[in-house]
Amino acid sequence: MTTRSRLCFWGMLLVGWLAGSLAARAQTPTLDPNVPNQPGLASPPLPPAPTPAPPAAPVRVLARPRALLLDAEATDRPVLRRYKVRPTVPDSLSALREVRELVLALQNDAYLTASADDMRWTRDTVRVRLYVGAQFRWAYLRNGNLGDGLLARAGFREKFFRQTPFRPEDWAKLQERILMEAENQGFPFATVGLDSIQLSDRDIAGRVVLKRGQAVVFDSLQIVGNTKTKKRFLTKYLQIFPNQPFSQQRLAAAAQLLRQLPYLKLKAEPEVRFAQGRARVYLLLDDRPSNQFDAIVGVLPNADANKTGVQFTGDVTINLRNIKGGGKQLGLQWRKTDALSQLLDAQYVHPNFFGTPLEVAGTFNLYKQTEDFTTIRPRLQVTYPTARAGRVSFFAEQRGSIIDALKDTTLLPENLDSQYNSYGLGYAFNSLDDLFFPRRGILVSGQGAVGTKTIRQNAQLRPELYEGVALRSTQYTFGLRAERYFPVKRAGVLLLRLRGEGLFNPRLFTNDLLRLGGLNSLRGFNENQFYTSTYAVATAEFRQFIGADSYVFLFADQAYLKHYITETRYFDQPTGLGAGLSLRTAAGMFQFVYSLGQSTTINQKFGFNASKIHFGLTSRF
């Protein structure tokens, strides 16, 4: 029995069964009390229930392996050898699936008339009669009514469709690219097909023709939801302007761009409605608490070995986002890292600069090491945000370090007055499902800069101390941060993170170096405990969520750092371990972190006497 006859046989059985069922249903009387001559609705008493028989043991149907044999013409056998077909299949269904996949693979490789003509079943063998046929090919495919620019952007070249195999997949991809270009040029209802088709033996010729349909332009944005964000800002941010040609690509990118804004919650994908050649876009948005006020207190052992007791550190952060609904951002952070150090950060972000999609930001950083030096770092940055490619930035930065006090010395000190002017590029990509409490996704950011470092002679030092020191040199800086979040079972999240920075210059001093250590970089150590020219920190952290935005966590930080200056050079591999809690309360997010650290450079071992405790409250409004 052939495959076609088997289908007909089973179809007749199915039709017969349905007809019998319908007839049986038609003969069943309708117990409607309003219809005369109907039996009463009261049921007679039931006979005593018989003792139920023990359930029969389930019958196991074992799958029977079958050998799959393919019969084909002698001219077709070399073609079939190129396809990996299993000689043995576990059951009959697998045999049908294997044959179907083989026929589809042949047709996708331009053997358009390939078919399975007959299947013979025996106890342990399936014998299939296959017909492969000739491989069809393009004689030519020419441009019908498409513009050259549209075809070029769709990747069409006539040489790709001249005397080449006719693969349906290639033709479908070309259609998809052409339609995508048409949708992005204001024709969302376009269709594409073949015209003037000619078939000569196994050669196919034709023209590709596009029916554009009605031209459509954007009408306006409509915001649905409880948000103070202005329509004017979103129009510029999404680059969806009235009376511009409709673009499906720009509409699809709107959702991803909106997810990058921490102060908005996208309730659903953007919707579009077409009417009279215009497309109106509806955004379903709600405001999200994103303004931030943090106050964190750290309790650390006294860094001075000659003193007992503990010392307190502090971290206060104020961050205002989406000021007046225009997307502007203002941030201020003050940190007291230890008894002798303080840090101040300020930032202002202005999106849609002069109506463009560009984002302009200015930052200011001040770090003061009491009685040693003060470092000031102003920076100006211009960012171009995109939905798929990420955020690309260009920045200019100046880093100036001033020595606060110098003692009379006959040697060049470890800290010197210097200035470093640099220009660089930055890149960031974010696919996190939530900016504050991610459970899956990737976050990658990096930057590189090059500039000129100038050492300024201090009047308190004798000029001969600067002999042999290059007062002007080229310096390179690099930075990288990569995070990946993996969901684990129901409410667990595994975070893997790699972070690193590097300075490259022939002559580095202590006040030039990067600083590492503390709650935000390497837990288990004091804030900015390590001065390093190059470092990398790998983190593994497991979070178990106990609520929508509350979790407990365990972490391990493993660092590799290099301290490379003229006078002192060493390597170290400090390790930090600990646990913590982040809990949503009525006053905000309460965070508690307990950590231990080990390092050979500072002679610190894992121990409760050197443990670090951080706790604080983050309030978003």
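Residues numbered from 1 in each chain as written. Predicted model: local features only at pLDDT ≥ 70, side-chain atom pairs only at ≥ 80, totals over all residues. Heavy atoms only, no water.

1. Details of the overall build of the protein chain
Inference 1: For the protein chain, the count of helices and strands is seven helices and 30 strands.
Inference 2: Out of the 621 residues belonging to the protein chain, those deemed buried represent 39%.
Inference 3: Of the roughly 35600 Å² of accessible surface on the protein chain, a fraction of 58% belongs to carbon and sulfur atoms. (Helix = DSSP H or I, 4+ residues; strand = E, 2+ residues; numbered from the N terminus. Buried < 20%, exposed > 50% of the residue type's maximum accessible area, 1.4 Å probe, protein only. Areas by Shrake-Rupley, 256 points an atom, 1.4 Å probe, with all protein chains shown as cover.)

2. Observations concerning unusual backbone geometry
Inference 1: A positive phi is found at Asp 201, a non-glycine position, where the angle reads about 60°.
Inference 2: Structurally, the position occupied by Asp 201 is in the loop between strand S6 (191–200) and strand S7 (203–211).
Inference 3: Residue Asp 201 is classed as exposed on the basis of its relative accessible area of 71%.
Inference 4: The phi dihedral of Asn 322 is positive, around 55°, even though this residue is not glycine.
Inference 5: Note on placement: Asn 322 falls in strand S13 (residues 310–323).

3. Comments concerning the pattern of salt bridges
Inference 1: Applying the stated criterion to the full structure yields 27 salt bridges.
Inference 2: Its salt-bridge partner being Arg 120, residue Asp 118 comes within 3.1 Å of it at the nearest N-O pair.
Inference 3: Of the residues examined, Asp 118 reaches a relative accessible area of 14% and is grouped as buried.
Inference 4: Judged by its relative accessible area of 53%, Arg 120 falls in the exposed class.
Inference 5: Each of Arg 523, Glu 541, Arg 543 and Asp 557 takes part in a single network of salt bridges with overlapping partners. (Salt bridge = Lys/Arg side-chain N within 4 Å of Asp/Glu carboxyl O.)

4. What about the sheet that holds strand S1 (residues 66–71)?
Inference 1: Within the open sheet, the four strands sit side by side as S2-S1-S4-S3. Their pairing is mixed. Edge positions in the open sheet fall to strand S2 (88–89) and strand S3 (115–121), since each of these has one partner strand only.
Inference 2: Relative to strand S4 (residues 125–131), S3 is paired through six bridges, and the arrangement is antiparallel. Across the sheet, residue Trp 121 finds its bridge partner in S4, namely Val 126. (Pairing = 2+ DSSP bridges.)

5. Brief notes about the nonpolar core
Inference 1: Counting residues in each nonpolar core, the largest one holds 22 residues, and the members touching the most others are Leu 221, Leu 234, Leu 238, Leu 258, Leu 261, Leu 264 and Leu 283.
Inference 2: For this core, the secondary structure elements donating two or more residues are strand S8 (217–224), helix H6 (231–238), helix H7 (248–259) and strand S11 (278–287).
Inference 3: The element contributing the most residues to this core is H7, with five residues.
Inference 4: Each residue touching Leu 238, except ones within four places of it in the same chain, is listed here: Leu 221, Arg 250, Ala 254, Leu 257, Leu 258 and Leu 283. (Core = buried A, V, L, I, M, F, W, Y, C linked by side-chain atoms within 4.5 Å. Contact = heavy atoms within 4.5 Å.)

6. A few points about the environment of Arg 481
Inference 1: Residue position: Arg 481 is located in strand S21 (residues 472–488).
Inference 2: What makes Arg 481 partly exposed here is its relative accessible area of 28%.
Inference 3: Between the C-alpha atoms of Arg 481 and Val 444, which are 37 residues apart in sequence, the distance is 5.8 Å.
Inference 4: Ignoring any residue separated from it by four or fewer positions in sequence, one finds Arg 481 in contact with Leu 443, Val 444, Ser 445, Arg 497, Leu 498 and Arg 499.
Inference 5: Among the polar contacts made by the side chain of Arg 481, one reaches the side chain of Glu 483 at a distance of 2.7 Å. (Polar contact = N/O pair within 3.5 Å; in protein donor to acceptor, adjacent residues only side chain to side chain.)

7. Focus on the confidence of the model for the protein chain
Inference 1: Here the protein chain averages 84 in pLDDT, while 87% of its residues score no lower than 70.
Inference 2: Within the model, the stretch residues 1–47 combines pLDDT values under 50 with 12 contacts to residues more than four positions away or in other chains. (pLDDT = per-residue confidence, 0-100.)

8. Looking at a nonpolar patch on the surface
Inference 1: A cluster of nonpolar side chains, contributed by Phe 293, Val 316, Ile 318, Leu 332, Trp 334 and Phe 621, occupies part of the molecular surface with about 520 Å² of accessible area.
Inference 2: Counting only elements with at least two residues in the nonpolar patch, the list comes to S13 and strand S14 (328–338).
Inference 3: Judged by its relative accessible area of 37%, Phe 293 is partly exposed. (Patch = residues over 30% accessible without salt bridge, like charges linked within 9 Å, V, L, I, M, F, W, Y side chains within 5 Å.)

9. Here's the deal with the packing of H6 against H7
Inference 1: Look at H6 against H7: their axes get within 10 Å of each other, and the N-to-C directions meet at 115°. As for the relative orientation of H6 and H7, their crossing is right-handed in sense. Only Arg 250, Ala 254, Leu 257 and Leu 258 of H7 make contact with H6, whose side of the interface consists of Leu 234, Tyr 237 and Leu 238.
Inference 2: In the contact of H6 with H7, the residues fall into six nonpolar, no polar and one charged. (Axes fitted to C-alpha atoms, helices over the stretch in contact; angles between N-to-C directions. Left-handed = near helix turned anticlockwise from the far one by under 90°. Nonpolar A, V, L, I, M, F, W, Y, C, P; charged D, E, K, R; others polar.)

10. Section: helix H5 (residues 168–183)
Inference 1: In this model, H5 (16 residues) spans 22 Å end to end at C-alpha, consistent with the 22 Å of a helix rising 1.5 Å per residue.
Inference 2: Turning to H5, its buried residues number three or more, namely Trp 171, Leu 174, Ile 178, Glu 181 and Ala 182. For H5, the angular spread of the buried residues around the axis is 105°, confining them to a single face.
Inference 3: Buried residues along H5 sit against strand S5 (137–143), helix H4 (148–153), S6 and S7. (Expected span 1.5 Å × (residues − 1). Arc of directions from axis to C-beta.)

11. A short note on the packing of aromatic side chains
Inference 1: Following the criterion strictly, the structure yields 16 aromatic pairs and no others.
Inference 2: Look at Phe 218 and Phe 246: their rings are 5.2 Å apart centre to centre, the planes differ by 45°, and that puts the pair in the tilted class. Taken together, the residues span a long stretch of sequence, with Phe 218 in strand S8 and Phe 246 in the loop between H6 and H7 at a distance of 28 residues.
Inference 3: On the basis of relative accessible area, Phe 218 is assigned to the buried category, the value being 2%.
Inference 4: Among the residues examined, Phe 246 registers a relative accessible area of 0% and is labelled buried.
Inference 5: A ring pair is formed by Phe 353 and Phe 354, whose centres lie 4.6 Å apart and whose planes are at 75°; its orientation type is edge-to-face.
Inference 6: One aromatic cluster in this structure is built from Trp 138, Phe 156, Phe 161, Phe 166 and Trp 171.
Inference 7: Its guanidinium or amino end placed over the ring of Phe 395, Arg 379 lies 3.7 Å from that ring's centre, counting from NZ or CZ.
Inference 8: For Arg 515, the ring lying beneath its charged end belongs to Tyr 367, and the centroid distance is 3.6 Å. (Phe/Tyr/Trp six-rings, centres within 6.5 Å; stacked < 30°, edge-to-face > 60°. Lys NZ or Arg CZ within 6 Å of the ring centre and 35° of its normal.)

12. Here we look at the environment of Pro 487
Inference 1: Inspection of the secondary structure puts Pro 487 in strand S21.
Inference 2: Along the backbone, Pro 487 and Pro 438 are 49 residues apart, and their C-alpha atoms lie at a distance of 9.5 Å.
Inference 3: Every residue in contact with Pro 487, bar those within four places of it in the chain, is listed here: Arg 439, Arg 440 and Gly 492.

13. A word on the side chain of Gln 604
Inference 1: For Gln 604, the location among the structural elements is in the loop between strand S29 (588–598) and strand S30 (612–620).
Inference 2: A polar contact of 3.1 Å, which involves the side chain of Gln 604, links it to the backbone oxygen of Gly 524.
Inference 3: In this structure the side chain of Gln 604 is engaged in a polar contact, spanning 3.1 Å, whose partner is the backbone oxygen of Gly 597.
Inference 4: Excluding its chain neighbours within four sequence positions, the residues that come into contact with Gln 604 are Gly 524, Phe 525, Gln 529, Gly 597, Gln 598, Ser 599, Ala 610 and Lys 612.

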